[in-house]
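# Secondary and tertiary structure notes
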Amino acid sequence: MFRVIKSVPRCLFGKGSFNELSGILENNRTSSNSHIVFLVDDFFKNKPLEKRIPLKGADYIIWINVDDEPKTKVVDSIRDQIKDSGKGMVSAVIGIGGGSVLDYAKAVSVMLTNEGSSSLYQGLNLAKNQGVYHIGIPTLSGTGAEVSMTAVLTGPVKKLGIKGEFTPFDLIVLDPELISEAPKNQRFYTGMDAYIHNVESMDGMNRNSISDSYATQSQTLCREVFLNDIISREEADEKLMVASYFGGLSIGHSEVGVCHALSYGLSYVLGLHHGIANCIAFNQLEEIYGKAVNEFHFMVEKHKIDIPTQISKRLTPEQFDKMAVTALGLEHMWRHAFGPEWPEHVNKERIIEWYKRM
Ligand code: NAD
Ligand code: ZN
């Protein structure tokens, strides 16, 4: 199956590049009747970054709480808040934060120009209208959300992205300084998202020379970041940003697999964030991803990271069932991992077995 992949057309990269944002936004300040909305992770409230956000005129910040991963109902309420603000036309939406805020920014951009609830657009190419100009500025690296065609959302019935032509950012600013103070565990969980993207992208039927090339280089960078003792933290942050970017491009051209399907079930039912949920699942997937899981174990030990285990001990049969149904519904991931005959390899019972090991 052939697919058209749209990636981000403009990328500004390098330490200190965030300082260029003010100049870049001048292009969007074309009318006195328009303004720019900044969606910013509330972690940065009262932190030095807040003062560096180039607000002008009627621009304003909406602080985003990401204790829960992005939800369709929150996207709808941010969209309504912007539309009801009485401030006139929005000329740009800027997302500053981890993968969750980046996904909110992409979704809000699309929902400012498409009618109804964002839950109606969870799927492929369902939005009809081009969104508002949007810029993504990551403060964590690993998800690839900065470059992907998807805004992953949890809705009333499923965790599934708004995916399509209109979702990717128009511009991304990759400034390694912005990830430099991320806490050790969070940096690792999110960084491992890139590592796992690469492993899954290269291990399945959708792989091709483009996806393999991005994944191979991203994997080299992940190893330099998490296995090499010689490079400085500054250099590691720069490499991690690129690893995330290339990992995102790789899965765009290929697909994720078993770990992500199981991880979506953990997030949907238990509310675990994507990075940690991936780590919990990947930790137990040696039978599928072999040496990569061994290498992951080595990195966990080297960095003294806490990966929760035995979470299944406190789960009810209903929760296992719901997680398995959620995971099983991600047919495209299973198909990638096992081929068209995937139902011969995976069923609810096998998925529950995997969950019971976690
Ligand atoms: P996150 O955005 O969920 O944030 C995790 C925590 O880190 C939050 O508490 C946040 O406030 C905090 N944080 C953010 N930046 C920080 C910094 N610089 N210093 C300290 N704390 C900081 O984490 P994430 O792992 O980047 O993103 C996960 C999200 O990305 C999930 O919602 C997942 O669904 C989504 N995702 C999207 C795609 C895609 O293609 N769109 C791919 C993978 C994951
Ligand atoms: Zn992921």
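First things first, this report covers the structure right here in the doc.

The rules we used
- Residues numbered from 1 in each chain as written.
- Chains lettered and ligands numbered in written order.
- Predicted model: local features only at pLDDT ≥ 70, side-chain atom pairs only at ≥ 80, totals over all residues.
- Heavy atoms only, no water.
- Salt bridge = Lys/Arg side-chain N within 4 Å of Asp/Glu carboxyl O.
- Donors = N, O, S within 2.8 Å, 3.2 Å for Na, K, Ca; no water.
- Helix = DSSP H or I, 4+ residues; strand = E, 2+ residues; numbered from the N terminus.
- Pairing = 2+ DSSP bridges.
- Axes fitted to C-alpha atoms, helices over the stretch in contact; angles between N-to-C directions.
- Parallel < 35°, antiparallel > 145°, perpendicular 65-115°, else oblique.
- Contact = heavy atoms within 4.5 Å.
- Near = heavy atom within 4 Å.
- Polar contact = N/O pair within 3.5 Å; in protein donor to acceptor, adjacent residues only side chain to side chain.
- Areas by Shrake-Rupley, 256 points an atom, 1.4 Å probe, with all protein chains shown as cover.
- Nonpolar A, V, L, I, M, F, W, Y, C, P; charged D, E, K, R; others polar.
- Phe/Tyr/Trp six-rings, centres within 6.5 Å; stacked < 30°, edge-to-face > 60°.
- Buried < 20%, exposed > 50% of the residue type's maximum accessible area, 1.4 Å probe, protein only.
- Lys NZ or Arg CZ within 6 Å of the ring centre and 35° of its normal.
- Left-handed = near helix turned anticlockwise from the far one by under 90°.

So, about the pattern of salt bridges. Evaluation of the coordinates by the stated rule reveals 17 salt bridges. The closest approach of N and O atoms between arginine 29 and glutamate 26, which form a salt bridge, is 3.6 Å.

On the protein side, the zinc ion (ligand 2) has Asp193 (OD), His197 (NE2), His260 (NE2) and His274 (NE2) as donor atoms, found 2.1 to 2.2 Å from it. Each donor residue of the zinc ion (ligand 2) lies on one chain, and together they are spaced D-x3-H-x62-H-x13-H. Remark: histidine 274 occurs in helix α9 (residues 274–282) and histidine 260 occurs in helix α8 (residues 258–270); sequence separation between them is 14 residues.

Moving on, we come to the pairing of strand β8 (residues 159–163). Here strand β5 (residues 123–124) runs beside β8; their pairing, made up of 2 bridges, is parallel. By the bridge assignment for β8, glycine 123 is matched with isoleucine 162. Note: strand β7 (residues 150–154) against β8, 5 bridges, orientation antiparallel. Residue leucine 153 lies in a different strand from β8, and its bridge partner there is leucine 160. Count of turn residues in the β7/β8 antiparallel hairpin: 4 residues.

On to the packing of helix α6 (residues 209–227) against helix α10 (residues 286–303), then. Contact geometry of α6 with α10 gives a least axis separation of 10 Å together with a crossing angle of 30°. Comparing their axes, α10 and α6 come out roughly parallel. Of the residues in α10, those in contact with Arg223, Phe226 and Leu227 of α6 are Glu295, Phe298, Met299, Lys302 and His303.

Attention now goes to the site of ligand 1. Neighbouring ligand 1 are 27 residues, the closest being Gly99, Ser100, Thr139, Ser148 and Thr190. Measuring from an oxygen atom of ligand 1, one finds a side-chain N or O atom of serine 148 at 2.7 Å. In isolation ligand 1 exposes 860 Å². Once the protein is present, 91% of that is buried. Elements with a contribution of two residues or more to the shell around ligand 1: α4 (99–111), β7 and α5 (184–202). The greatest single-element share of the shell around ligand 1, amounting to 4 residues, is contributed by α4. Partitioned by chemical class, the residues of the shell around ligand 1 number 10 nonpolar, 11 polar and 6 charged.

For the structure shown, the criterion picks out 10 aromatic pairs. When the ring of phenylalanine 43 is compared with that of phenylalanine 44, the centres are 5.0 Å apart and the planes differ by 90°; the resulting orientation is edge-to-face. The class of phenylalanine 44 is buried, set by a relative accessible area of 12%. Ring plane angle 80° and centroid distance 5.4 Å describe the contact between phenylalanine 188 and phenylalanine 226, whose orientation is recorded as edge-to-face. Linking phenylalanine 188 in helix α5 with phenylalanine 226 in helix α6, this pair joins segments that are 38 residues apart in sequence. Across this residue pair, the class does not change: phenylalanine 188 and phenylalanine 226 are buried. A network of ring pairs unites the aromatic residues Phe188, Tyr195, Phe226, Phe282, Tyr289 and Phe296 as a single cluster. Looking at lysine 47, its charged tip hangs above the ring of phenylalanine 43, at a distance of 4.0 Å from the centre. Directly above the aromatic system of phenylalanine 320 lies the positively charged group of lysine 356, at a separation of 5.6 Å from the ring centroid.

As summarised here, the arrangement of the 6 strands in space is β1-β9-β6-β4-β2-β3, forming an open sheet in which the pairing is parallel. Looking at strand neighbours, the two that pair on one side only are β1 (11–13) and β3 (60–64), the edges of this open sheet. Going from strand to strand, the sheet's axes swing by 15° on average, the running direction of each strand aside. As paired strands, β1 and strand β9 (residues 171–174) are joined by 3 bridges and run parallel to one another. The residue bridging cysteine 11 from the neighbouring strand is isoleucine 172, located in β9.

Moving on, we get to the sheet that holds β7. Read across the sheet, 3 strands follow the order β5-β8-β7 without closing on themselves; strand pairing throughout is mixed. Lying at the two open borders of the sheet, with one neighbouring strand each, are β5 and β7. Packed on one face of the sheet, α4 meets β7 and β8 and runs near 95° to β7.

A word on the packing of α8 against helix α11 (residues 317–328). At their nearest, the axes of α8 and α11 sit 8 Å apart, and the two run at 135° to each other. By the criterion of interaxial angle, the relationship of α8 to α11 is oblique. For the pair α8 and α11, the sense of crossing is right-handed. Contact with α8, carried on its side by Ala261, Leu262, Tyr264, Gly265, Leu266, Tyr268, Val269 and Leu270, involves Gln319, Lys322, Met323, Thr326 and Ala327 of α11 and no other residues of that element. Taken together, the residues that form the contact of α8 with α11 break down as 9 nonpolar, 3 polar and 1 charged.

In short, the description is geometric, and any link to function would need to be established separately.
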